[in-house]
Amino acid sequence: MKMKKTLFDKVWDAHVVDSIPNGPQILYIDKHLIHEVTSPQAFNELKKRNIPIFRPKQIIATADHNTPTVDQHLPVKDELSRNQLQQLQQNCDEHNIQLYALGHQYNGIVHVMAPELGITQPGMTMVCGDSHTSTHGAFGAIAFGIGTSQVAQVFASQSLLLKKPKKMRITVNGNLQNNVLPKDVILYIISKLGTDSGTEHFIEFAGDVFENMSMEGRMTVCNMSIEMGARGGMIAPDETTFAYVAGRKFAPKGADFDKKVAYWKTLKTDASAEFDTEYTFDASDITPMITFGTNPGMGIPLTENIPSENDANLEKSLQYMNFEKGTSLIGQQVNYVFIGSCTNSRIEDFRVAANYVEGKQKAPNINAWLVPGSQLVVQQIKEEGLDKIFEAAGFKLRQPGCSACLAMNDDKIPDGEYCVSTSNRNFEGRQGQGSRTLLASPLVAAATAIAGKIVAINTPVLEEA
Amino acid sequence: MSTFNTFTSTAFPLAVENIDTDQIIPARFLKATSRDGFGENLFRDWRYHKDGSLNADFVLNQQQYSGSILVAGHNFGCGSSREHAAWALKDFGFNVIISSFFADIFKGNALNNHVLPIQVTPAFLAKLLVAIQENPNTEIEVNLEAQTVAFGKEKASFDINPYKKMCLQKGYDDIDFLVSNLSKIKAFEQQHIY
Ligand code: SF4
């Protein structure tokens with residue numbers, strides 16, 4: 001009898017070049033994404049050792065981490081940022097690597113740009129010197145973040161030396177409640193399991209909730225699997241996936257596409273395949289979420305109180321956030337709202353936000369930064385007229401990039417200020433020195449921007465007459 | 001790259017859990033294009049107050065502590081994959097990090113820079129932290145060959161992938177190995193679907 005395999009096994013095993021007895025395996029990498037911050041040292045390393053880039057055609061570069069989100073047509077002001085961007089350009093030119101530089105029609109955050117161009121496809125292995133590479137797992141790809149030494153290894157050999165991770169399945173069945181978005185689902189899971197629960201594992205997300213989710217939603221979920229400490233997350237490819245990939249710039253075309261789809265359809269976990277770890281949740285238990293602390297696992301339902309147990313880590317976090325144990329966040333004044341990052345800067349996220357703010361006005365105390373994930377998202381926002389809705393409500397769209405997600409450019413939340421953010425990390429100082437981040441969905445972020453404070457968005461349950 | 005096998009050193013005790021790589025090296029210091037000099041900004045926002053003055057309460061600033069070993073709380077190195085965190089620790093002078101748990105990507109990055117992450121039990125870690133706090137001159141002995149870490153009368157063994165162990169002992173790295181396998185990789189490409 002054939003060994004029962006999981007989705008992860010099937011993709012992994014199809015990429016093993018060789019196994020070293022008693023050691024790691026050589027895993028072949030199909031697509032290597034690079035950006036300006038984690039690639040320069042890798043290029044230098046190869047140069048130093050006089051090793052050529054092995055497969056430049058399988059590398060795609062974008063500029064995103066360091067780029068300004070206003071006046072992108074002007075030279076970048078910050079000298080160090082400009083230098084990193086110039087080095088990326090030089091390195092890509094020198095090695096014939098496709099670069100979507102600042103201002104290019106395909107420029108954007110690496111994990112937004114690659115899926116929408118059809119670079120990301122089911123069954124692939126993909127890496128990037130960026131932990132949120134896990135995003136691409138939404139397509140049934142094995143995608144994970146690597147360090148700069150590994151970027152150099154992939155440059156040199158299009159392969160990595162790795163030990164096969166363990167397998168975890170997280171199943172969520174049932175129907176999601178009103179106003180519960182993919183972001184809430186993943187924040188809920190992390191709050192239940194903790195930020196180290198996924199360590200050494202690759203996660204498969206399974207069940208009705210993910211099957212019914214759009215590709216954008218699946219990307220949001222897989223994006224944050226790294227916040228559980230997992231190497232990555234993935235979802236079996238299905239008709240939703242194939243329909244999304246079809247017709248995109250780098251997607252296979254015609255007969256080639258049909259052949260690929262036939263293969264992609266085999267990428268499902270076999271019925272009795274085994275996982276090292278399994279968790280199951282009920283969709284109806286999930287409500288809109290928000291984080292109160294300084295790691296993404298410190299999340300609560302929007303309308304519940306901050307925990308009140310005696311725990312040194314909790315206390316340290318609350319001290320940084322200037323919150324009290326056992327209190328509610330509802331009514332908390334917030335002066336900054338950020339809708340963006342590779343977690344929530346796709347068209348769907350802006351549709352949700354636009355739908356909520358339509359006909360309303362931004363609260364005067366709010367500084368709202370709406371940062372689309374890519375130039376193509378900007379274009380789509382305009383085509384759908386969402387920009388007009390935002391403008392009428394008092395919001396201004398910025399230009400694409402990582403922006404306040406990690407505050408490497410000028411988009412920094414000031415010291416001590418609160419920001420309701422659709423990004424993925426609420427670490428101390430993540431959005432600027434002293435900044436205080438509350439992670440939430442684009443809907444909660446939009447509602448905060450209108451109210452000027454945190455408000456409940458749960459539609460009240462109708463009393464039976 | 002340097003090689004190492006056994007050595008003895010005092011250590012810095014940093015009893016904080018879930019230390020993420022944004023704390024180890026904040027994003028605003030990631031704009032360099034070389035690997036050098038990151039030690040200066042290691043734990044920047046914990047080492048210095050916002051006005052730039054030294055935070056005397058932070059362990060790296062306390063004169064009584066010294067050495068090339070960092071002993072840190074559970075889930076060290078979580079968050080961003082930035083290898084700059086490993087570079088900063090190494091540049092500052094750390095060869096070994098001891099914790100009860102390491103985040104995956106950080107562990108790989110550390111090993112790739114010949115910084116040894118040693119995972120011990122929470123009980124061993126707790127005893128070690130107390131020992132250093134009570135006596136900053138506590139010497140810790142690391143033996144990579146035997147895969148043991150010891151101080152006073154306490155001793156624990158630790159796991160390391162045999163391949164990674166060999167790399168550390170001989171000063172090899174993965175690039176050399178992969179490049180020596182290019183013919184196998186090319187043969188694989190011939191039959192690969194993508
Ligand atoms: S948006 Fe944030 S998390 Fe995503 S790639 Fe950019 S910096 Fe990383």
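Residues numbered from 1 in each chain as written. Chains lettered and ligands numbered in written order. Predicted model: local features only at pLDDT ≥ 70, side-chain atom pairs only at ≥ 80, totals over all residues. Heavy atoms only, no water.

With respect to the state of the cysteines
Residue and element names in this part refer to chain A.
Argument step 1. Across all of its chains, the model carries zero disulfides over all chains by this definition.
Argument step 2. No disulfide involves C128; its sulfur sits 9.7 Å from the nearest other cysteine sulfur, which is in C402.
Argument step 3. On the basis of relative accessibility, which here comes to 0%, the residue C128 falls in the buried class. (Disulfide = S-S within 2.5 Å. Buried < 20%, exposed > 50% of the residue type's maximum accessible area, 1.4 Å probe, protein only.)

Details of the pattern of salt bridges
Argument step 1. The tally for this structure, following the rule as stated, stands at 32 salt bridges over all chains.
Argument step 2. The salt bridge involving K5(A) is made with D13(A); its shortest N-O contact spans 2.9 Å.
Argument step 3. Here E45(A) and R35(B) are joined by a salt bridge, their closest N and O atoms 3.6 Å apart. Here E45(A), found in helix α2 (residues 40–49), pairs with R35(B), found in the loop between α1 (21–24) and α2 (44–47), and the two come from separate chains. Here E45(A) and R35(B) have matching classes, each one buried.
Argument step 4. Shared partners join several salt bridges into a network, and the residues in it are E45(A), K48(A), R49(A), R35(B), E83(B), D173(B) and D176(B). (Salt bridge = Lys/Arg side-chain N within 4 Å of Asp/Glu carboxyl O. Helix = DSSP H or I, 4+ residues; strand = E, 2+ residues; numbered from the N terminus.)

Observations regarding unusual backbone geometry
Argument step 1. One non-glycine residue, S341(A), lies in the positive phi region at around 80°.
Argument step 2. Inspection of the secondary structure puts S341(A) in the loop between β15 (336–339) and α12 (347–357).
Argument step 3. You can call S341(A) buried: its relative accessible area is 1%.
Argument step 4. At H114(B), a position not held by glycine, the phi torsion is positive, near 60°.
Argument step 5. Take H114(B): it is sitting in the loop between α4 (104–112) and β5 (116–119).

Points about the nonpolar core
The tendency in soluble globular proteins is for nonpolar side chains to be buried side by side.
Argument step 1. Counting residues in hydrophobic clusters, the biggest one holds 108 residues, and the most contacted among them are F43(B), F76(B), I98(B), L116(B) and I140(B).
Argument step 2. Of all the elements, helix α15 (residues 442–451) of chain A adds the most residues to this core, at seven residues.
Argument step 3. Counting only domains with at least three residues in this core, you end up with domain 1 (7–277) and domain 2 (290–451) of chain A.
Argument step 4. Those residues within four positions of F76(B) in sequence are excluded, and the remaining contacts are I19(B), I24(B), F43(B), L70(B), L89(B), I97(B), S99(B), F101(B), F102(B), A103(B) and F106(B). (Core = buried A, V, L, I, M, F, W, Y, C linked by side-chain atoms within 4.5 Å. Domains from an automatic or database assignment. Contact = heavy atoms within 4.5 Å.)

A look at the packing of aromatic side chains
Argument step 1. Inspection of the entire model under this criterion finds 26 aromatic pairs over all chains.
Argument step 2. Look at F390(A) and F395(A): their rings are 6.3 Å apart centre to centre, the planes differ by 80°, and that puts the pair in the edge-to-face class. Neither F390(A) nor F395(A) differs from the other in exposure class; each is buried.
Argument step 3. Each ring, one from F43(B) and one from W46(B), has its centre 5.7 Å from the other, and the planes form 5°; the classification is stacked.
Argument step 4. Using a relative accessible area of 0% as the deciding quantity, one classes F43(B) as buried. (Phe/Tyr/Trp six-rings, centres within 6.5 Å; stacked < 30°, edge-to-face > 60°.)

Observations concerning the interface of chain B and chain A
Argument step 1. Of the residues lining the interface, 55 residues belong to chain B; the matching set on chain A comes to 75 residues.
Argument step 2. Buried surface at the junction of chain B and chain A, summed over both partners, amounts to about 5,200 Å²; 57% is from carbon and sulfur atoms.
Argument step 3. Per-residue buried area on chain B facing chain A is highest for K31(B), T33(B) and Y194(B); these three make up 16% of the total on that side.
Argument step 4. For the pair chain B and chain A, the interface holds nine salt bridges.
Argument step 5. In this structure, K31(B) and D78(A) form a salt bridge, with 3.5 Å as the shortest nitrogen-oxygen distance.
Argument step 6. Summed over the shared surface of chain B and chain A, the number is 33 residue pairs in polar contact (both at pLDDT 80 or more).
Argument step 7. For the side of chain B that touches chain A, the class distribution of residues is 21 nonpolar, 16 polar and 18 charged. (Buried area = accessible area lost by both parts, 1.4 Å probe. Polar contact = N/O pair within 3.5 Å; in protein donor to acceptor, adjacent residues only side chain to side chain. Nonpolar A, V, L, I, M, F, W, Y, C, P; charged D, E, K, R; others polar.)

Brief notes about the site of the ligand
Residue and element names in this part refer to chain A.
Argument step 1. By nearness alone, every residue bordering the ligand is listed as H65, I109, H111, D130, H132, S341, C342, C402, C405, L406, N424 and R430.
Argument step 2. In the shell around the ligand, the residues fall into five nonpolar, five polar and two charged.
Argument step 3. The residues that make up the shell around the ligand include at least three from each of domain 1 (7–277) and domain 2 (290–451). (Near = heavy atom within 4 Å.)

Here's the deal with the confidence of the model for chain A
Argument step 1. When the pLDDT values of chain A are averaged, the result is 95; 98% of them are 70 or greater.
Argument step 2. Confidence drops under a pLDDT of 50 for residues 459–465 of chain A, and excluding neighbours within four residues, the segment shows two contacts in the predicted structure. (pLDDT = per-residue confidence, 0-100.)

Regarding the side chain of E116(A)
Residue and element names in this part refer to chain A.
Argument step 1. Here E116 is to be found in helix α4 (residues 110–116).
Argument step 2. One buried charge, E116, has no salt-bridge partner; the nearest side chain with opposite charge is R248, at 5.6 Å.
Argument step 3. The contacts of E116, once residues within four sequence positions are left out, are Y244, R248, S374, L376 and V377. (Lys, Arg positive; Asp, Glu negative; His and termini not counted.)

With respect to the side chain of R35(B)
Argument step 1. Taking the relative accessible area as the measure of exposure, R35(B) reaches 18% and is therefore buried.
Argument step 2. A distance of 3.2 Å separates polar atoms of two side chains, one belonging to R35(B) and the other to N113(B).
Argument step 3. Excluding its chain neighbours within four sequence positions, the residues that come into contact with R35(B) are Q41(A), E45(A), S149(A), E83(B), W87(B) and N113(B).

Here we look at the domain arrangement of chain A
All names here are of chain A.
Argument step 1. We note that the domain assignment places domain 1 (7–277) and domain 2 (290–451) within chain A.
Argument step 2. At the junction of the two partners, domain 1 supplies 42 residues and domain 2 supplies 41 residues.
Argument step 3. Regarding the contact of domain 1 and domain 2, the summed buried area is about 3,300 Å², with carbon and sulfur atoms giving 57% of it.
Argument step 4. Considering only the side of domain 1, the residues that lose the most area to domain 2 are T69, I109 and K183, jointly responsible for 20% of the buried surface there.

A closer look at the sheet that holds strand β1 (residues 16–19) of chain A
In any sheet, the strands associate via hydrogen bonds between backbone groups, in a parallel or an antiparallel arrangement.
Argument step 1. In spatial order, the strands read β1-β2-β8 (chain A); together these three strands make up an open sheet with antiparallel pairing. Edge positions in the sheet fall to β1 and β8 (159–162) of chain A, since each has one partner strand and no second. Here the strands of the sheet are splayed against their neighbours by 20° on average, with no regard to which way each runs.
Argument step 2. Pairing of β1(A) with strand β2 (residues 25–28) of chain A, which is carried by three bridges, proceeds in the antiparallel orientation. Within β2(A), the position partnered with D18(A) by the bridge is I26(A).
Argument step 3. Relative to the sheet, helix α8 (residues 182–191) of chain B contacts β1, β2 and β8 of chain A, its axis offset from that of β1(A) by approximately 140°. (Pairing = 2+ DSSP bridges. Axes fitted to C-alpha atoms, helices over the stretch in contact; angles between N-to-C directions.)

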